[in-house]
Amino acid sequence: MYYKNNKFDKNRILDNLININWLIIGILVILFIVGCFVIYSASGGSFYPLVEKHIYKFIFSLIVLFFICCINYEFFKSCSYYFYLLSIFLLVFLVFFGTENAGSQRWINLGFFSLQPSEFAKITLILAISKYYSDVTHLGDNSLIKVIIPVLFIVIPFIIIVNQPDLGTSILLLANGISLIIISGISLWFILLGLFIFLISVPVIWSILFDYQKQRILTFINPEGDPLGSGYHIAQSKIAIGSGGFTGKGFMQGSQSQLEFIPEIHTDFVFSVFSEEFGYLGALGIVVLYLFLFIYGLMSCYKALYIYDKLVIFGLTINFFLYFLINISMVIGLVPVVGVPLPIISYGGSSMLAIMISFGIIERININRRLH
């Protein structure tokens, strides 16, 4: 055991909690509060059931974050492969027993909570790849085995997730895995070879996409091609953001959101709702908060003492940043709509819990560094 007696347990737990970066916790709470207001507005001024559930999910996620901060530091590293195998098991479990919703089979119904295993697969993938590279430091950068194993780690969950179908999560998982492989110090030739393989695989990738996924990409390339069909929603999102002006129309005064012209206003397009009501200043404030968390993650990566710590923090930070970047880019028409929520603000239990777990792990590593 990590602690020898109850007194030592309590003292050590107290030390861990004291050494948490409470500014980061405060920013997460602010984003949560913003989410409550946006969801309340998107619900037409109704607290029940979405805002109420959003509060419960955040409180639970925050408790999990604090719990992770008090866990034995070595626990994550020693169990990294087991966490990965568990996530693969849950993804396979989905294939046979998952709950289908809107044509996708992504959730496991636990009664009180619907779990989306793909959200946690991104975290366990980061842990597994980081553990692998920390174990093979003796291999040279030109070693093929240094690339093959991590690629297999990525391919297995990617194939399962993309066939759920869940294009957004599969892209995030792929990006996380590739970014870790690149910064691990592999040879530049491997990177160039991977880029070449990707380019020649584009026709194959296109052929296996679902029709609605192809349509989203075509709409992104030419949004005016079907303004009343597939391009309608992104057009309404742009109108909402633009009509907010510099200071916004005011809380619950947005015409596009209140009249339900914007799709998925509780999840994917919450930024459109917020921007219409609070304008450029409000949107800028949100972006600054996200960028602060991103920079904090990068600084934590730089200060980390060990290879495993550096890779884990980098992977979790990139995962968080991609959530933010893709969602914002999606609602303003810079990338195709792929169903990626805005961290903490969007309604959704699994994505929120995954983000809070990520910051819990980052804080756990930082606390260990500060105490040692």
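In this convention, every chain numbers its residues from 1, walking through the sequence in written order. Residue-level local features of this predicted model are given only where pLDDT is at least 70; pairs of side-chain atoms are given and counted only at 80 or more, and the full residue set underlies all totals for whole chains, interfaces and linings. As a convention, hydrogens and water are excluded, and side-chain values are obtained from all of the structure's heavy atoms.

Student: Describe the sheet that holds strand 3 (residues 114-115), naming the residues involved and giving the relevant values.
Tutor: At least two DSSP bridges between two strands are required for those strands to pair. Helical segments are the DSSP runs of H or I of at least four residues, strand segments are the runs of E of at least two, and each set is numbered from the N terminus. With antiparallel pairing, three strands are arranged side by side in an open sheet as 1-2-3. The open sheet has two edge strands, strand 1 (99-101) and strand 3, and neither has a second partner. Examined bridge by bridge, strand 2 (residues 104-109) and strand 3 share two bridges and lie antiparallel to one another. Along strand 3, the bridge assignment pairs Asn109 with Ser114. Where helix 5 (residues 80-97) meets the sheet, it contacts strand 1 and strand 2, and its direction lies at approximately 105° from that of strand 2. Residue contacts are counted whenever heavy atoms from the two residues lie within 4.5 Å of one another. Every axis in this analysis is a line fitted to C-alpha atoms, fitted for helices over the stretch in contact. Angles between the N-to-C directions lie between 0 and 180 degrees.

Student: How would you summarise helix 5 if you had to cite specific residues and measurements?
Tutor: For helix 5, which comprises 18 residues, the first-to-last C-alpha distance of 25 Å matches the rise-based estimate of 26 Å (1.5 Å per residue) to within 8%. Those residues of helix 5 not exposed but buried are Ser80, Tyr84, Ser87, Ile88, Leu91 and Leu94. Taken around the axis of helix 5, the buried residues stretch over an arc of 110°, which confines them to a single face. What points out from helix 5, more than 90 degrees from its buried face, is the exposed set Tyr82, Leu85, Phe89, Phe96 and Phe97. Residues of helix 5 that are buried sit in contact with helix 4 (73-78), strand 2, helix 6 (117-135), helix 7 (145-162) and helix 14 (307-331). What a helix should span is 1.5 Å times the count of its residues minus one. Burial here depends on accessible area, computed with a 1.4 Å probe over protein chains only, as a share of the maximum for the residue type. Under 20% is buried, over 50% is exposed, and the range in between is partly exposed. In this description, the arc belongs to the directions extending from the helix axis to the C-beta atoms.

Student: Before we move on, could you go through the pattern of salt bridges and cite the residues and values that matter?
Tutor: Side chains that differ in charge, positive against negative, can pair when their charged atoms come close. By definition, a salt bridge exists where a carboxyl oxygen of Asp or Glu is found within 4 Å of a side-chain nitrogen of Lys or Arg. Following the criterion strictly, the structure yields four salt bridges and no others. Residue Lys131 is joined to Asp135 by a salt bridge in which the shortest nitrogen-to-oxygen separation is 2.6 Å. You can see Lys131 and its partner Asp135 sitting in helix 6, four residues apart, about one turn around the helix. Lys131 sits in the buried class, given a relative accessible area of 13%. In this structure, Lys249 engages Glu276 in a salt bridge whose closest nitrogen and oxygen atoms are separated by 3.3 Å. One end of the pair, Lys249, is in the loop between helix 11 (232-243) and helix 12 (255-258); the other, Glu276, is in helix 13 (residues 270-303), and 27 residues separate them in sequence. Glu276 sits in the buried class, given a relative accessible area of 0%.

So yeah, pure geometry; function would need other evidence.
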